Amino acid sequence: MKKALMYFALGTVLSFLINYFFYSSDNLGLDVFYALAFGIAWGIAYYLDTSNITLPQKLGLSFVAMGILVLIGTLLFSLELAIPSILKFSTVFVAYYLIASFRATKSLRN
């Protein structure tokens, strides 16, 4: 759990710094929200990276997380601004497991 929180924190900070310094949108709150979506994706992907959790469960939990991101994003901003958060989330989630697939253990935990 500690490493999952570390992945979350590092992913959030790194994403925010990249967005802030290279893309610099006018809405700081939106930048923070997108950075949180990125960090949450890394944290959840790492947390679910275990053989005890089946692939359908991993998929289901990722869809629940995306639904929560859309709901929060819609409440705070608008649906149009919330959609990119799930695109970031799903991209990171898929990238995590793609990178893990190249390892013999099919996991990045080891």
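As the structure is a prediction and not an experimental result, all values here were calculated from the model.

S.K.: Explain the packing of helix H2 (residues 28–48) against helix H3 (residues 55–76) here, please?
M.R.: Helix-helix packing: each pair is described by the crossing angle between the helix axes and the interaxial distance. Contact geometry of H2 with H3 gives a least axis separation of 11 Å together with a crossing angle of 165°. Between H2 and H3, the angle falls in the class roughly antiparallel. Every pair of crossing elements has a handedness; the one defined by H2 and H3 is right-handed. Along its contact with H2, which presents Phe33, Ala37, Ile40, Ile44 and Leu48, the element H3 presents Lys58, Leu61, Ala65, Leu69, Ile72 and Gly73. Residues of the contact of H2 with H3, tallied by class, amount to nine nonpolar, one polar and one charged.

S.K.: What's the story with H2 in this structure? I'm lost.
M.R.: Helical geometry: 3.6 residues make up each α-helical turn, so side chains three or four residues apart lie on a common side. Across its 21 residues, H2 extends 30 Å between first and last C-alpha, which sits within 8% of the 30 Å expected from 1.5 Å per residue. Where H2 starts, the residue carrying a side-chain oxygen 3.2 Å from the main-chain nitrogen of glycine 29 turns out to be asparagine 27.

So, how was this worked out
- Every residue gets a number counted from 1 within its own chain, in the order that chain's sequence is written.
- Side-chain atom pairs in this predicted model are given and counted only at pLDDT of 80 or more, local residue features only at pLDDT of at least 70, and totals for whole chains, interfaces and linings cover all residues.
- Side-chain numbers here rest on the full set of heavy atoms in the structure, without hydrogens or water.
- Here the axes come from fitting lines to C-alpha atoms, over the contacting stretch only for helices, and the angles between their N-to-C directions go from 0 to 180 degrees.
- Under the DSSP-based scheme used, a helix requires at least four consecutive residues in state H or I and a strand at least two consecutive residues in state E, with every element numbered from the N terminus.
- When an angle is under 35 degrees it counts as roughly parallel; over 145 it counts as roughly antiparallel; between 65 and 115 it counts as roughly perpendicular; any other value is oblique.
- Take the far helix as the reference: if the near one is turned anticlockwise from it by less than a right angle, the crossing is left-handed, and if turned clockwise, right-handed.
- By definition, residues are in contact when any of their heavy atoms lie within 4.5 Å.
- For this classification, the nonpolar set comprises Ala, Val, Leu, Ile, Met, Phe, Trp, Tyr, Cys and Pro, the charged set comprises Asp, Glu, Lys and Arg, and every other residue, Gly included, is treated as polar.
- One less than the residue count of a helix, multiplied by 1.5 Å, gives the span that helix is expected to have.
- A 3.5 Å cut-off defines polar contacts: any pair of N or O atoms within that distance qualifies, except that in protein one atom must be a possible hydrogen donor and the other a possible acceptor, and neighbouring residues in sequence count only when both atoms are side-chain atoms.

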